[in-house]
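# Report on the structure
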Amino acid sequence: MTNWKELDKTYVANTYARFPVEIVSGKGSLLYDADGKEYIDLGSGIGVTAFGIDDAQWKAAVISQLDAVQHTSNLYYTHPCVRLAQLLCERTGMKRVFFSNSGAESNECAIKVARKYAAQKRGPQYSTIVTLCNSFHGRTLTTLAATGQAHFHELFQPLTPGFVHTPANDLQQLIATVEAHPTAAILMECIQGEGGVIPLDADFVHGVAQYAAEHDILLMIDEVQTGNGRTGKLYAYMNYGITPDVVSTAKGLGGGLPLGATLMGEKVADVLCAGDHGSTFGGNPVCCAGAISVINRIDDAFLGDVCSKSAYIFNALKDARGVESVTGMGLMIGIKTTRPAKDVVNDCIAKGVLCLTAKDKIRLLPALNIPMPQLEKAIGILRAAISA
Ligand SMILES: *Cc1c(COP(=O)(O)O)cnc(C)c1O
C-alpha cells in the first residue's frame, strides 16, 4: 500500500504542517478519504470552493470552456475574460480589471498601480504603501513586506522596501504614519483573516476612506479572503459603504481554479498601459468561465442565505461552553476557545468535521451553499469538541 504521507514528506517541500487527512473525492460540502470516511468541510480549501466540490453548474461552465479552448495567452482576445471583467465592473462600479492567478499577485498588481499613479501625479518618491499591523497580504517578497506580522519576515530579508505598518483601528496613528512617509496608498483587509478573523471598526474604515480621498492617497482593499460573497455582501467593503480605488481578490473567485483579479476604480483606470504588467496564465478562459458562474450566482437572495447561515452559527456558538468570543461576518468566522484551537480541530477531524485555524482561533470558511442540515451537524460536533 502506498504510504502517501511518507512520499509527501520525501518529495514535497515541507512548507505545510498538514493535518493527517488524505482527501480523494468530494461532493458539495462533503469530503471523503481513501477509506471512505466522510468529513463535513467547514474550510472550503481556505475559502476557495465557494460552491463546494463537484458543483454541477460550476463544472458545466468549466467543462464547456475546456471543450472550446483551455489557454490562448493574453496576446489574443477570449470571451470569458472579457465577460468576467465586465461582470465584476457592473457589480462593483469599478472600471477595469487585471487578471492574475493568486491573491499575492492580485496585491502585487495593486501595489504597482499605486506606485505608478503616485509617481506620475506627485513624483516617484511617493512610493510608500501603508498597511496594518496583524495584516496578511501574501507570500511573495513584496506582499510579505506588506504583511504586518514580523514572524513572516524573519530570514527572508531584504524584503521590498517602501512598506510601513500602523495599528488597526487607530485613525490618528494611521494619519501620523501617512504624514511621516511619502505615501502612495493604504492597503488593508476589512476583516483580518489570517490575523484571527477580526473585522475593522466601521468608524476607523470611514475615517481612513475620508482621509485617503481628501489627500489623494489611494485606498486599496484586500478582498482575497473576504471577497466574492464570503461576508454576506459581494465584497466586504460593501458592508462599510466605502468606495475603494483598488480592490484585490482571488480565493473564492475561481470556485477552485486559480484566479486573481485586481479591480481598478475611476481614479486609476488608465494607470496601467501596454507593457506595464502582465501574466502568462492570467485571465485563463477556463478559470474565468468558472468565475462567471460563481459571480452570477451570488445575487441578493443568495447573500441573504449566507447571512442567515451566519446568524445560525453565531447564535449556536456565542454562549456555548468553552467559547470566549465569536468574530467575523457572513461565513467568515473566528472562534476563540478556552481549549487550544489545534486540539479542537483534531477532535473535529476524528469526528468527521474539517475546520481551519487563524492564529489562536478556530476559523470557519464553509462553502457558501453548505446545506443547513450539514451545517447544523458540523456545528454540533464543533460545539462538543470546544466544550470537551
Ligand atoms: C490568502 C490571502 C492572500 C494570499 O493569497 P494567495 O492566493 O495565497 O497568494 C492575500 N491576502 C489575503 C487577505 C489572504 O487571505
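Preceding this section is the structure that the text describes.
Residues numbered from 1 in each chain as written. Predicted model: local features only at pLDDT ≥ 70, side-chain atom pairs only at ≥ 80, totals over all residues. Heavy atoms only, no water.

In this section: the site of the ligand. The ligand sits among Ser 102, Gly 103, Ala 104, Asn 107, Phe 136, His 137, Gly 138, Glu 189, Asp 222, Val 224, Gln 225 and Lys 251. Here an oxygen atom of the ligand sits 2.8 Å away from a polar atom, N or O, in the main chain of Ala 104. A distance of 3.3 Å separates a nitrogen atom of the ligand from a polar backbone atom of Phe 136. Its free accessible area being 380 Å², the ligand has 82% of it covered by the protein chains. Sort the elements by how many residues they give to the shell around the ligand and helix 5 (residues 103-122) lands first, with three residues. (Near = heavy atom within 4 Å. Polar contact = N/O pair within 3.5 Å; in protein donor to acceptor, adjacent residues only side chain to side chain. Areas by Shrake-Rupley, 256 points an atom, 1.4 Å probe, with all protein chains shown as cover. Helix = DSSP H or I, 4+ residues; strand = E, 2+ residues; numbered from the N terminus.)

A few words now on the sheet that holds strand 16 (residues 356-358). Strands sit in the order 13-14-17-16 across an open sheet of four strands; the sheet is antiparallel. Each edge of the sheet is formed by a strand with only one pairing partner; in this case those strands are strand 13 (323-329) and strand 16. Shown here is a sheet whose adjacent strand axes are inclined to one another by a mean of 30°, direction ignored. Relative to strand 14 (residues 332-337), strand 13 runs antiparallel, the two being bridged by six bridges. Each residue of the ladder has a partner; that of Thr 327, found in strand 14, is Gly 334. Each of strand 14, strand 16 and strand 17 (361-364) is contacted by helix 11 (residues 341-350), which is oriented at about 45° to strand 17, the strand it contacts most. (Pairing = 2+ DSSP bridges. Axes fitted to C-alpha atoms, helices over the stretch in contact; angles between N-to-C directions. Contact = heavy atoms within 4.5 Å.)

Turning our attention to helix 4 (residues 79-92). Taking 1.5 Å per residue as the helical rise, helix 4 with its 14 residues ought to reach 20 Å, and the 20 Å between its terminal C-alpha atoms agrees with that figure. For helix 4, the complete set of buried residues consists of Pro 80, Cys 81, Leu 84, Ala 85, Leu 87, Leu 88, Cys 89 and Thr 92. Taken together, the buried residues of helix 4 touch helix 3 (56-68), strand 4 (96-100), strand 12 (260-264) and helix 9 (285-297). Where helix 4 ends, the next residue or the one after it, Gly 93, has phi of about 80°, a positive value. (Expected span 1.5 Å × (residues − 1). Buried < 20%, exposed > 50% of the residue type's maximum accessible area, 1.4 Å probe, protein only.)

Counting across every chain of the model gives three aromatic pairs. Their ring planes at 5° and their centres at 6.5 Å tell us that Tyr 235 and Tyr 237 sit as a pair that is stacked. Overall, Tyr 235 belongs to the buried group, its relative accessible area being 0%. Here Tyr 237 falls in the buried class, since its relative accessible area comes to 4%. The ring centre of Phe 51 lies 4.0 Å from the NZ or CZ of Arg 297, which sits over that ring. (Phe/Tyr/Trp six-rings, centres within 6.5 Å; stacked < 30°, edge-to-face > 60°. Lys NZ or Arg CZ within 6 Å of the ring centre and 35° of its normal.)

Across all of its chains, the model carries zero disulfides by this definition. The thiol of Cys 190 is unpaired, and the distance to the nearest cysteine sulfur, on Cys 307, comes to 15 Å. The structure places no disulfide on Cys 273, whose sulfur is separated from the nearest cysteine sulfur, that of Cys 109, by 12 Å. (Disulfide = S-S within 2.5 Å.)

Glancing now at the packing of helix 4 against helix 9. Angle between the axes and distance between the axes are the two parameters that describe a pair of packed helices. Between helix 4 and helix 9, the shortest axis-to-axis distance is 8 Å and the interhelical angle comes to 30°. Relative to helix 9, helix 4 is oriented roughly parallel. At the point where helix 4 passes helix 9, the crossing takes the left-handed sense. Across from Pro 80, Cys 81, Arg 83, Leu 84, Leu 87, Leu 88 and Arg 91 in helix 4, the residues of helix 9 making contact are Pro 285, Cys 288, Ala 289, Ala 291, Ile 292, Ile 295 and Asn 296. (Parallel < 35°, antiparallel > 145°, perpendicular 65-115°, else oblique. Left-handed = near helix turned anticlockwise from the far one by under 90°.)

On to a nonpolar patch on the surface, then. Together, Trp 4, Leu 7, Tyr 11 and Val 12 make up an exposed nonpolar region whose accessible area comes to about 460 Å². Assignment of secondary structure puts Tyr 11 in helix 1 (residues 4-11). For Tyr 11, a relative accessible area of 68% corresponds to the exposed category. (Patch = residues over 30% accessible without salt bridge, like charges linked within 9 Å, V, L, I, M, F, W, Y side chains within 5 Å. Salt bridge = Lys/Arg side-chain N within 4 Å of Asp/Glu carboxyl O.)

This next bit is on helix 5. Across its 20 residues, helix 5 extends 28 Å between first and last C-alpha, which sits within 8% of the 28 Å expected from 1.5 Å per residue. Taken residue by residue, helix 5 has Gly 103, Ala 104, Ser 106, Asn 107, Cys 109, Ala 110, Ile 111, Val 113, Ala 114, Tyr 117 and Ala 118 as its buried positions. Looking one or two residues beyond helix 5, the residue adopting positive phi is Gly 123, at roughly 120°.

So, about the pattern of salt bridges. This structure, assessed with the given rule, holds 13 salt bridges. As a salt-bridge pair, Arg 18 and Asp 8 come within 2.9 Å of each other at their nearest N and O atoms. With Arg 18 in the loop between helix 1 and strand 1 (23-27) and Asp 8 in helix 1, the pair connects residues that are ten residues apart, well separated along the chain. Under the relative-accessibility criterion, Asp 8 is labelled partly exposed at 25%.

Now for the nonpolar core. Judged by nonpolar contacts, the single largest core of 88 residues is most densely connected at Leu 88, Met 188, Ile 335, Leu 364 and Leu 382. Those residues in contact with Leu 382 that lie beyond four places of it in its chain are Leu 317, Ile 335, Val 344, Cys 348, Cys 355, Ile 362 and Leu 364. Grouped together as the second largest cluster of nonpolar side chains are 25 residues, Ala 110, Ala 118, Phe 136 and Val 268 included. (Core = buried A, V, L, I, M, F, W, Y, C linked by side-chain atoms within 4.5 Å.)

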